[in-house]
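Spelled out, the chains give:
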Amino acid sequence: MKAVVYKGPFEVAVEEVEDPKIQDPTDVIVRITSTAICGSDLHMYEGRTDAEPGITFGHENMGIVEEVGDGVHVVKKGDRVVMPFNVACGFCDNCRKGKSAFCLTVNVDGFAGGAYGYVGMGPYAGGQAEYLRVPFADYNCVPLPEGTEHEKDFALLADIFPTGYHSTELAGVRPGDTVAVYGAGPVGIMAAYSAQLKGASRVFVVDNVANRLDIVKDMGAEPINFDDGDPVEQIHDAVQDYGVDRGIDAVGYQATAADGEEQPAVVLNQLVGTVKATGGLGIIGLYVPSDPGAPDEHSAKGELLFKVGKFFEKGQTMGTGQADAKQYAHTLRDLIIAGRAKPGFIVSKELPLEDAPDAYERFDKREEGYSKVLLQPGR
Ligand code: NAD
Ligand code: ZN
C-alpha cells in the first residue's frame, strides 16, 4: 500500500510499504478515507523529536472497516468509523474512568498511553496511508452513520475537536465564562469553538499569524495579535477586570515570542497573568520531557522557567496532559449528527495522499489555506 513515510527533518515522501495485518484477534484493518495532518506531527517533521526515518505518521484517522479479527464482536466489515488518536484497551482502571490517554494495558514508559504513528507512544503505525491496523477495535473504533456526509466534521473527532473540548474541561469552562486561548492553530480554534459551544460569554484567541486570526474573527471570537503588544495587557484592557475566568494553552513548548525567538514557557506564564485569581488553566499544547532541539540547556531537559509563585499566589488550578479523545468523541459525534456542532469549518483542504509532502511544507509554514489538511487516499 501507499503511505506517508518520514525521511528526516522537513521531509516526508509517499512510498510503497507493507500492508498492515491482523496481529491480535481484537484487531481490525480500516481502509482510510480521511487522515489529517496535525500540529503534533510537526514536532517530528521539524526534527524536534527522536523519531526515526522510516515511520509513518498519522493519528487522526477515519475510514471503512475492511477486515475483522476473530475476537471483534461489535465492529463489522463495512462499518464507517473514526479512531480517537489514543490506542487504549477499554478495560484497565484508567480506561474505565475515561482516561484512555493513560491506558495501563498499552502503557508506554510506565505512565503514558499509546497513539498511532507517534514517536514514544508505542509500536503502532500511523494512518497517513491506505490502510491502518486498529488494536482493541471494539473500543477504539467510534461508529459513524454510513455514507459520506459530514466527512470533514467526523474526521476531527480523532483528535482536535475532542482535544479542544478537553482543554475547556481542564480549565473548567462554564456558561457565561470569559476565556482566553493561546494559539490559533487548529487545536486552539477547536478549544475556542468548544468554549463557545459551552456558552462562554467572550472568547479571546492569541496568535500572530494573520490568516489564523482572521478565522478567529469569522467564528465570532476576539483575535489578539501578540505582535501588537503584551497579550496579557490587551486582554485585561478588553475585559476591564482582573482577567478572564479560564485560560487555555494550545501552543506548547515551541512557543515563539514577539521578537521571533523560541521561549518555551512564555505562554504558561502569560496564562497565569491573563486568568483572574482562582481561575482555571487548561494546558493541551505539548510539553515533552526532553527536547533535543531546545534553545537552552534547561528546556532541552524539559525544565521550563514556569513562575510557580504567581500561580500559587493567585490560587489557580491547572490541568495538563494528552487528551482522552475517546471520552468525548461519542457525544461530540452526536452533536454533529444533530447539526449542533460543525467543526469542519476549520478544514481548508482535502487532498490526495500523494500531495502530503507539499501539504506538510505549507502547513508547517502556516500558509493561508492550510489551516487544517485532510489527506484522502484514493481521492
Ligand atoms: P500549530 O503549530 O498549527 O498551532 C500552534 C499555533 O500557536 C500557531 O498558530 C502559532 O503561530 C501559535 N503561537 C506560537 N507562539 C505563540 C505565542 N507565544 N502565543 C500565542 N500563539 C503562539 O499546532 P496545533 O495543531 O494547533 O496544535 C497545538 C498544540 O497542541 C501542539 O503543541 C500540539 O502538539 C498540541 N496537541 C496536543 C494534544 C493533546 O492531547 N494534549 C492533541 C493535539 C495537539
Ligand atoms: Zn493530532
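Reading the values: rules and limits
- Residues numbered from 1 in each chain as written.
- Chains lettered and ligands numbered in written order.
- Predicted model: local features only at pLDDT ≥ 70, side-chain atom pairs only at ≥ 80, totals over all residues.
- Helix = DSSP H or I, 4+ residues; strand = E, 2+ residues; numbered from the N terminus.
- Rg over C-alpha atoms; globule rule 2.2 N^0.38 Å.
- Buried ≥ 20, exposed ≤ 12 C-beta atoms within 10 Å, placed from the backbone.
- Pairing = 2+ DSSP bridges.
- Domains from an automatic or database assignment.
- Contact = placed C-beta atoms within 7 Å.
- Nonpolar A, V, L, I, M, F, W, Y, C, P; charged D, E, K, R; others polar.
- UniProt positions renumbered as here; feature names shortened; annotations may be inferred.
- Axes fitted to C-alpha atoms, helices over the stretch in contact; angles between N-to-C directions.
- Parallel < 35°, antiparallel > 145°, perpendicular 65-115°, else oblique.
- Near = placed C-beta within 6 Å.

S.K.: What should I look at first to understand the overall build of the protein in this one?
M.R.: Broken down by element type, the protein carries 13 helices and 17 strands. Over its C-alpha atoms the protein spans a radius of gyration of 20 Å, differing by no more than 12% from the 21 Å that the globule rule assigns to 379 residues. Each principal axis of the C-alpha atoms in the protein carries an extent, and together these give about 60 × 45 × 40 Å. Counting the 379 residues in the protein, one finds 50% classified as buried.

S.K.: Explain the pairing of strand β3 (residues 28–36) to me, please; I cannot follow it from the model alone.
M.R.: If a strand is regular, its side chains alternate between the two faces of the sheet. Of all 9 residues that make up β3, 8 are buried, and the element is covered over most of its length. Pairing geometry for β3 and strand β4 (residues 61–68), over 7 bridges, is antiparallel. Across the sheet, residue Ser34 finds its bridge partner in β4, namely Met62. As paired elements, β3 and strand β8 (residues 131–134) share 4 bridges and run antiparallel to each other. Following the sheet pairing, Val28 is matched in β8 by Val134.

S.K.: Hey, could you run me through the domain arrangement of the protein in this one?
M.R.: Size of an interface, as often reported, equals the accessible area lost when the parts are brought together. The domains assigned to the protein are domain 1 (2–159 + 323–375) and domain 2 (160–320). On a C-alpha basis, the centroid separation for the pair domain 1 and domain 2 is 25 Å. The partner domain 2 presents 22 residues to the 23 residues of domain 1 that form the contact. Every element with two or more residues in the side of domain 1 that touches domain 2 is listed here: α1 (39–45) and α12 (325–337). Per-element tally for the side of domain 1 that touches domain 2: the top contributor is α12, with 4 residues. Here the side of domain 1 that touches domain 2 is built from residues that sort into 11 nonpolar, 5 polar and 7 charged.

S.K.: When you look at the UniProt feature "domain: Alcohol dehydrogenase-like N-terminal" (unreviewed entry) in the protein in this model, what are you seeing that I'm missing?
M.R.: In the UniProt entry, the feature "domain: Alcohol dehydrogenase-like N-terminal" (unreviewed entry) is given for residues 25–146. Split by type, residues 25–146 is 12% helix and 25% strand. Its first and last C-alpha atoms lie 25 Å apart.

S.K.: Explain the packing of helix α5 (residues 160–171) against α12 here, please?
M.R.: Each packed pair of helices is defined by two parameters, the angle between the axes and the distance between the axes. Relative to each other, α5 and α12 sit at 105°, their axes nearing to 9 Å. Compared by their axis directions, α5 and α12 come out roughly perpendicular. Only Ala325, Tyr328, Ala329 and Leu332 of α12 make contact with α5, whose side of the interface consists of Phe161, Pro162, Thr163, Tyr165 and His166. For the contact of α5 with α12, the per-class residue count stands at 7 nonpolar, 2 polar and no charged.

S.K.: Would you mind going over the site of ligand 1 with me for this structure?
M.R.: As a structural note, the neighbourhood of ligand 1 is formed by 32 residues, with Gly39, Gly183, Gly185, Val187 and Gly252 the closest of them. Top element by residues in the shell around ligand 1 is α1. It accounts for 4 residues. Its residues assigned to classes, the shell around ligand 1 shows 17 nonpolar, 11 polar and 4 charged. Shared between two domains, the shell around ligand 1 holds at least three residues of each, these being domain 1 (2–159 + 323–375) and domain 2 (160–320).

S.K.: I keep staring at the environment of His298 and nothing clicks. Help me out?
M.R.: Along the chain, the position of His298 falls in helix α10 (residues 297–300). The sequence separation of His298 and Tyr131 amounts to 167 residues, and the corresponding C-alpha distance is 40 Å. When near neighbours in sequence (up to four residues on either side) are disregarded, His298 contacts Glu303 and Leu305.

S.K.: Before we go on, may I ask you to explain the UniProt feature "domain: Alcohol dehydrogenase-like C-terminal" (unreviewed entry) in the protein in this structure?
M.R.: UniProt annotation of "domain: Alcohol dehydrogenase-like C-terminal" (unreviewed entry) refers to residues 186–257 when read in the numbering used here. Along residues 186–257 the backbone is 42% helical and 22% strand, and the end-to-end C-alpha distance reaches 19 Å.

S.K.: It is not clear to me how the sheet that holds strand β15 (residues 317–320) should be interpreted in this structure. Could you clarify?
M.R.: Each strand in a sheet pairs with another by means of backbone hydrogen bonds, the pair being arranged parallel or else antiparallel. Judged by pairing direction, the sheet is parallel, and its 6 strands sit side by side in the order β12-β11-β10-β13-β14-β15 without closing on themselves. If you trace the sheet from one side to the other, it starts and ends with β12 (222–225) and β15, each paired once. Averaged over all pairs of adjacent strands, the angle between strand axes in this sheet comes to 20°, irrespective of strand direction. Two strands pair when backbone bridges link them, and strand β10 (residues 178–182) and strand β13 (residues 244–249) are joined in this way by 4 bridges, in the parallel orientation. Looking across to β13, one finds that Val181 is bridged to Ile248. In the packing of helix α9 (residues 266–274) onto the sheet, contacts are made with β10, β13 and β14 (275–283), and the angle to β13 comes to roughly 170°.

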